[in-house]
Amino acid sequence: MDIYTFRIVLIFLCLFSQTSISESCNAIDKEALLDFKQRITYDPSNLLTTWTPSSDCCKSWKGISCDSTGRVVNLSRSGLIDNFDGPLDTLMSGTLSPFLGNLSSLQLLDLSNLKELKGQIPPEFGKLLRLKHLFLDTNKLTGSIPATFRSLSRLEKLYLNANSLSGIIPSDIFKSFTSVLELGLSGNKLSGPIPSTIGMLSLVSTLDFHENNFSGRIPETFGNLKNLRYVDLSGNQITGSIPNSIGGLSQIQVLYLNQNKLTGRIPSSISGLKSLQFCRISDNKLTGDIPATIGQLPKIQRLIFENNKLSGKLPATIGHLTTLTDIYFSNNRFTGHIPSSLANLQNLQALDLSRNRFASPIPPQLQDLINLQTLDISFNPLALVSLPLWLSKLNLFQLRMASTGIKGQLPRWLASSSISTLDLSSNSLTGKLPTWIGNMTNLSFLNLSNNAFHSSIPAAFKNLSLLNNLDLHSNKFSGNLNLIFAKNNQAPRGVYDSIDLSNNMFTGPIDENIGEEVAMPYLASLILSNNSLGGSLPKSLGKLSELQVLKLVNTGITGAIPQEIGNAKRLTTILLSKNKLSGSIPENILNLEYLQEFDVSQNRLSGMIPKHKANIPVSAFLGNVGLCGAPLPPCKQS
């Protein structure tokens, strides 16, 4: 159940748990609510239309419920429930009224997801001594968390997520939050250290502090939170080591510490996290080896440790974690052999050990991983020589083995595989691109770049009707490249996103209708540099409305730059240097809204360079004898 569905249920329970109303709305409460309405400047969802001075707020106002004495106990964004379509999307502009602090019997205050509530949280909210649930998330509130919140000793759920709150957390408010079960502060601009008093939230089960600017260390008192089940501190500036006390969190199921500046080792006390299912500590500066005690996590499903400085051998005890579905250990400094005990992980679906220092051999026992869908061991000094034949026994969806020392030709068993992503780049593969490549009809991503292939593209290539991303750069491919653009596609899938054919021996010219091919309408990147293409730039490139990157450096193209290319409005990069282009530079191309990089140096262009807003260096125009005007010298007056 997501948080908004939960709140709907909560509001219904609150509404129907109240006893029958015997008194009309309390005057103080009514005044406070009308002041809130007065400060709302825009209510397109008509949430407050029933809030009129002449009506009873307890009986007639949507979003309000009262107790038997006429005191308001619940205030929620009215119109929250739609009997047919579920939660309504709502909007409201304005500020929070400090008079809401006079609702002294209030237990639920939900003004979440109104999107445009601005200003500060009134410190008067600290007077709501009976408040149990406070939801102000998904607005544009600013300022700090009021220190007066220390008085909210009955608070059970506090969500201030997705605002623009700043400043530090007042250290003493946690001393009063002994009833808090859920605390959400994510997506703000809060800074400073997490107070050590957080260890006093003895009942808390959910802490979500991600995407702020918190710094300092994780308090050792974290280990006191015995009921904690979910914690997300990711996306902050937290330093220091992971405290040993974390081993005391025996109920924790989700632990996200990624994208911080944590250092030191993974504590061996991690073995105490007996309920842990998802652990993400990636994108830090952690060092040392993974403790063998990691093998004592009986419920773990995902281990994401990538982008750290972890080293040493992987402990064989990882093979005890039979509930694991995902291992992401990429971009560390692990050494030694990949442990054969990984073959015990029969539920494993993703294994990413790329960008480490593992040595051969890859244990053939991994062929027993019958549920494995993704295998990435790229950029390890494995010196494999050939793709292991046992890989053919796996039903892989993604296979990435870039820079692993593979030589020779592509193995034929790939033709009968179900692989969708194949990356064998930066190896020493040779020979022809085989005709049977057309049998790999599940391919959506193919990277064979930086090898030594030397052939034309076989006609069967057109059968790759699901292919989105193609990278063949830095080989010796030859022949006409138009067959690549004219491949089949299975609409709406199979249209290209990126094509890189640079640094080969392809010949042209580029088909004039390239922009009209059925596989090309959503192409974002086209890189054809350093091929002997000749011919002219096709005008139909301007029909590629999603094109952002166009690179045709040193391709021998001639003729004028067609102004139609300026119709590709999303272009950020246009590199056409070292060619034989002539004529003038079209003004609409040089003034494309998103243009960041432009280079037509070393051509035969002439005329005045059009005035332009983009910051383009003089080097981008050099080597064109006939060009003049800023940033080159001014044109001579005739």
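Right above here is the structure, for reference.
A brief look at the structure comes next. What you see is a predicted model, and the numbers here were worked out from it, not measured in a lab.

Criteria and thresholds
Residues numbered from 1 in each chain as written. Predicted model: local features only at pLDDT ≥ 70, side-chain atom pairs only at ≥ 80, totals over all residues. Heavy atoms only, no water. Helix = DSSP H or I, 4+ residues; strand = E, 2+ residues; numbered from the N terminus. Buried < 20%, exposed > 50% of the residue type's maximum accessible area, 1.4 Å probe, protein only. Areas by Shrake-Rupley, 256 points an atom, 1.4 Å probe, with all protein chains shown as cover. Lys, Arg positive; Asp, Glu negative; His and termini not counted. Charge placed at Lys NZ, Arg CZ, Asp CG, Glu CD. Pairing = 2+ DSSP bridges. Axes fitted to C-alpha atoms, helices over the stretch in contact; angles between N-to-C directions. Phe/Tyr/Trp six-rings, centres within 6.5 Å; stacked < 30°, edge-to-face > 60°. Lys NZ or Arg CZ within 6 Å of the ring centre and 35° of its normal. Expected span 1.5 Å × (residues − 1). Contact = heavy atoms within 4.5 Å. Disulfide = S-S within 2.5 Å. Polar contact = N/O pair within 3.5 Å; in protein donor to acceptor, adjacent residues only side chain to side chain.

Here the focus is the overall build of the chain. The helix and strand tally for the chain stands at 5 helices and 42 strands. Along the first, second and third principal axes, the C-alpha set of the chain runs to 85 × 75 × 45 Å. Expressed as a percentage of its 638 residues, the buried residues of the chain come to 54%. With an accessible surface of roughly 26400 Å², the chain has 50% of that area assigned to carbon and sulfur atoms. If you average the places of the 54 positive and of the 43 negative side-chain charges in the chain, the two averages end up 6 Å apart.

On to the pairing of strand β41 (residues 604–608), then. Bridge count for strand β39 (residues 580–583) against β41 is 2 bridges, and the pairing is parallel. Bridge pairing in β41 places G583 opposite L605. By the bridge criterion, 3 bridges tie β41 to strand β42 (residues 626–628) in an arrangement that is parallel. Within the sheet, the bridge partner assigned to S606 lies in β42 and is G626.

By the bridge criterion, 3 bridges tie strand β37 (residues 558–560) to β39 in an arrangement that is parallel. Residue pairing across strands places G559 opposite L581, the latter belonging to β39.

So, about unusual backbone geometry. Phi is mostly negative for residues that are not glycine, and the peptide bonds are mostly trans. Residue P509 follows G508 across a cis peptide bond; omega there is 5 degrees. With respect to the helices and strands, the residue P509 is situated in the loop between β34 (505–507) and β35 (525–527). Following A630, the chain continues into P631 via a peptide bond in cis, with omega recorded as 10 degrees. Of note in this structure, V385 is not a glycine but carries a positive phi near 75 degrees. The class of V385 is partly exposed, set by a relative accessible area of 48%.

To continue, consider the sheet that holds strand β6 (residues 115–120). Pairing within the open sheet is mixed, and its 4 strands lie in the order β1-β4-β6-β8. The strands lining the two open edges of the sheet, one partner per strand, are β1 (40–42) and β8 (140–142). Across this sheet, the average inter-strand angle for adjacent strands is 15 degrees, counted without regard to direction. Across 2 bridges, the pairing between β1 and strand β4 (residues 92–95) is antiparallel. From the neighbouring strand, Y42 faces β4, where its bridge partner is S93.

A few words on the packing of aromatic side chains. In the structure shown here, the tally under the stated rule is 12 aromatic pairs. Aromatic side chains W51 and W61 sit 5.2 Å apart centroid to centroid with 15 degrees between the ring planes, which places their arrangement in the stacked category. One end of the pair, W51, is in the loop between β1 and β2 (64–66); the other, W61, is in the loop between β1 and β2, and 10 residues separate them in sequence. Judged by its relative accessible area of 1%, W51 is buried. Of the residues examined, W61 reaches a relative accessible area of 3% and is grouped as buried. Both rings, one in F334 and one in F358, keep their centres 6.3 Å apart while their planes meet at 20 degrees; by these two values the pair is stacked. With F334 in strand β22 (residues 333–334) and F358 in the loop between β23 (350–352) and β24 (374–376), this residue pair connects regions lying 24 residues apart in the sequence. In this structure, F334 and F358 share a single accessibility class: buried. Aromatic ring contacts, followed pair by pair, group F305, F329, F334 and F358 into a single cluster. We note R355 situated over the ring of F379; from NZ or CZ to the ring centre the distance is 4.1 Å. When the ring centre of Y496 is taken as reference, the NZ or CZ atom of K487 above it lies at 5.1 Å.

For the rest of this paragraph, the subject is helix α2 (residues 27–38). If you check α2, its first and last C-alpha atoms are 16 Å apart, about what 12 residues at 1.5 Å a residue would give, namely 16 Å. When we look at burial in α2, the residues that qualify are D29, K30, A32, L33, D35 and F36. Residues of α2 that are buried make contact with β1, β2, β3 (72–76) and β4.

It is worth spelling out the state of the cysteines at this point. Counting across every chain of the model gives 3 disulfides. Here C25 engages in a disulfide with C57; their sulfurs sit 1.7 Å apart. Disulfide C25 to C57: torsion about the S-S bond roughly 75 degrees, handedness right-handed. In this pair, C25 sits in the loop between α1 (3–17) and α2 while C57 sits in the loop between β1 and β2, placing the two residues 32 residues apart along the sequence. Assessed through its relative accessible area of 11%, C25 is described here as buried. The disulfide bridge from C628 ends at C635, spanning 1.8 Å between sulfur atoms. Handedness here is read from the sign of the S-S torsion; for C628 and C635, about 90 degrees, the answer is right-handed. Per residue, the accessibility class of C628 equals that of C635, and both read buried. Taking only the cysteines that form disulfides and numbering them from first to last, the chain has the pattern 1-2, 3-4, 5-6.

Let us now look at the environment of D43. Mapped onto the elements of the fold, D43 is located in the loop between β1 and β2. Through-space distance from the C-alpha of D43 to that of M92 is 4.9 Å; in sequence the pair is 49 residues apart. Once you skip the residues sitting within four places of it in the chain, D43 turns out to touch L48, T49, L91 and M92. From its side chain, D43 meets the backbone nitrogen of L48 in a polar contact 2.9 Å long.

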